[in-house]
Amino acid sequence: MTLTCCISFAGGLSAAELQAPMTPEVHQTTTESGWTVSFAPYFWAAGLSGDVGQFGLPEAHIDASFGDILDHLDFGAMATGEARYGPYSIFADVMYSKISGQGGTPKGILADNVNVSSETFAGFLGAGYAIYEDSTARIDISAGFRVWSVESELSLEGGILDGVSRTDDAVWVDGLVGFRGTYSLTPEIYLTGWAFVGAGGADLDWDVAGAIGYRFNDTFSAVAGYRALGVDYSSDGFVFDVVQQGPMLGLIVRF
């Protein structure tokens, strides 16, 4: 694998982490204070496609399946939570991943191996208001901010450049607005989804999803669906213009 391919592949995969059920449910347990609180760890089997550019190298196109990403994943964690009081809600979504890869250089003169590791954090904090609600459905209008942090490290082994390392990183914030909604088909089965779009540090930041959920009881629910998220960021040679999409699965716990 050439130096450029190795950097582009690992750098691009750093965004594959990916997000989860941020949508409120109609039937939730309410505390004595009137607040409803829920927490949902989740898993998102997302592939990644788009253009990335780091370390001053030309942009490269990435098209990686979830299996490709999983081969390079060192650690990943993601979860979302929500607190609701009447028609008002505050919600957050956090995801973190660390991905690494290694490749050889064409002739092994400058270096024998190129190691690339990348850490990505994305955190979304938002607030919403229910513009429609009855016994089976609810629609929230919502707005918030997503913070992105991507840091990649390149290190060389062997050859003339043995021991040389370099770091390239970017941090930016995007404002997003959109809708979240849920509709109960039966007391146990419901549909849920959301759509957000915005910009800020990035030229475009968007997030859409649809899922079906099942309530086991007042405490536990499970959701399964499909999600797509895209971001188009570029600054000082750092390019991160990617789309992540794939099936997701989450467990919702209410307190």
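These figures come from a predicted structure and were not determined experimentally.

Visitor: Whenever I open this one, the nonpolar core confuses me. Can you help?
Guide: In a soluble, globular protein the nonpolar side chains are often hidden away together inside. Membership of the largest hydrophobic core comes to 31 residues, with the highest contact counts inside it found for W44, W148, W172, V231, Y233 and F240. Among the elements that make up this core, the one with the highest residue count is strand β12 (residues 238-254) (four residues). In this structure W148 touches M95, F121, A122, A170, V171, W172, D174, D205, L229, V231, F240 and Q244, once residues within four positions along its chain are discounted.

Visitor: Just checking my understanding: could you explain the environment of I99 for this structure?
Guide: Among the secondary structure elements, I99 is positioned in strand β5 (residues 88-104). The class of I99 is buried, set by a relative accessible area of 0%.

Visitor: What is the right way to read the environment of Y183 from this model?
Guide: Considering the arrangement of structural elements, one finds Y183 in strand β8 (residues 165-184). By relative accessible area, Y183 is classed as partly exposed at 42%. Between the C-alpha atoms of Y183 and I139, which are 44 residues apart in sequence, the distance is 8.9 Å. Residue contacts for Y183: discarding those within four places in its chain leaves T136, A137, Y190 and L191.

Rules of the game
- Residues numbered from 1 in each chain as written.
- Predicted model: local features only at pLDDT ≥ 70, side-chain atom pairs only at ≥ 80, totals over all residues.
- Heavy atoms only, no water.
- Core = buried A, V, L, I, M, F, W, Y, C linked by side-chain atoms within 4.5 Å.
- Buried < 20%, exposed > 50% of the residue type's maximum accessible area, 1.4 Å probe, protein only.
- Helix = DSSP H or I, 4+ residues; strand = E, 2+ residues; numbered from the N terminus.
- Contact = heavy atoms within 4.5 Å.

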